[in-house]
Amino acid sequence: MKRAYIILCSLWVFLSANAQQYPPEWAKYTLGGYMYDVQSDSNDKNLSETDFKDYLLNIARTNLAKQVQVRVQDVANLDKQSVNGKTTITYSANTIFSTNVNLKLVETKTAYDLGTKVGYAIAYIDRDAARNYYQNELMLVHNKIENSIVLAGNFVEAGFKSKAKSQLESSLQQFALIDEPLLWMNIFGASQQILAEWSE
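Chemist: Explain the sheet that holds strand E4 (residues 107–113) here, please?
Modeler: Strands pair in a sheet through their backbones, by hydrogen bonds, and they do so in one of two ways: parallel or antiparallel. If you trace the three strands from one edge of the open sheet to the other, you get E1-E5-E4, paired in antiparallel fashion. At either end of the open sheet lies a strand with only one pairing partner, and these are strand E1 (34–42) and E4. With strand direction ignored, the average angle separating the axes of adjacent strands in the sheet is 10 degrees. Bridge count for E4 against strand E5 (residues 118–126) is seven bridges, and the pairing is antiparallel. When the bridges of E5 are listed, Ala111 appears paired with Tyr120. Across the face of the sheet, helix H3 (residues 127–157) comes into contact with E1 and E5 while running at roughly 40 degrees to E5.

Chemist: Could you clarify how one ought to interpret the packing of H3 against helix H4 (residues 161–174) in this entry?
Modeler: How two helices sit against one another is set out by the angle between their axes and by the gap between those axes. Two elements in contact, H3 and H4, have axes whose closest approach is 8 Å; the angle formed by their N-to-C orientations is 170 degrees. Considered as vectors, H3 and H4 are oriented roughly antiparallel to each other. Of the two possible hands of crossing, H3 and H4 adopt the one that is left-handed. Where H3 abuts H4, its residues Val141, Lys144, Ile145, Ser148, Ile149, Leu151, Ala152, Phe155 and Val156 lie against Lys161, Lys163, Ala164, Gln167, Leu168, Ser171 and Gln174. Considering only residue class, the contact of H3 with H4 consists of nine nonpolar, four polar and three charged.

Rules behind the numbers
Residues numbered from 1 in each chain as written. Predicted model: local features only at pLDDT ≥ 70, side-chain atom pairs only at ≥ 80, totals over all residues. Heavy atoms only, no water. Pairing = 2+ DSSP bridges. Helix = DSSP H or I, 4+ residues; strand = E, 2+ residues; numbered from the N terminus. Axes fitted to C-alpha atoms, helices over the stretch in contact; angles between N-to-C directions. Contact = heavy atoms within 4.5 Å. Parallel < 35°, antiparallel > 145°, perpendicular 65-115°, else oblique. Left-handed = near helix turned anticlockwise from the far one by under 90°. Nonpolar A, V, L, I, M, F, W, Y, C, P; charged D, E, K, R; others polar.

In structure tokens form, the structure reads like this:
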């Protein structure tokens, strides 16, 4: 009986300690809709509250960047094939894109307990917001291509064929800008249907 009591007390201490790893209102960021890293530590070096929270944030951001980098390496190579006028895109792990673009989507929160001198920091990316961001990027590229094609058509009708050719060459360069947003959408969990629609 005494042994069971000791085990129960140890379990309670363990669960209580784990529950204190971050403020309870941050629990939603640890669910499937986010990529995240949480840091907590005791301010044993007596740094200022601001400096200590910045220290924890730097670790959280670095660890989140590593997670993103691993995901990029897992998904990164774009393999485009065109059969009978229909383009398909598949992904495999060879090419590595920089994570710097992605890290502008990182949001952070900090907390500090003056009594215990324990600080908390979280860095996270909302997957839905990230997918929407890159879908908007794709829409901007799509609109530029459409506008270039319309403008080229107007130049042809007006008899300015060299200007039309130049405009079409410009629109062809825009197609290269589609690959990276598609990659990021895949990393943040866009459905295969959405990826297929954008790659056709």
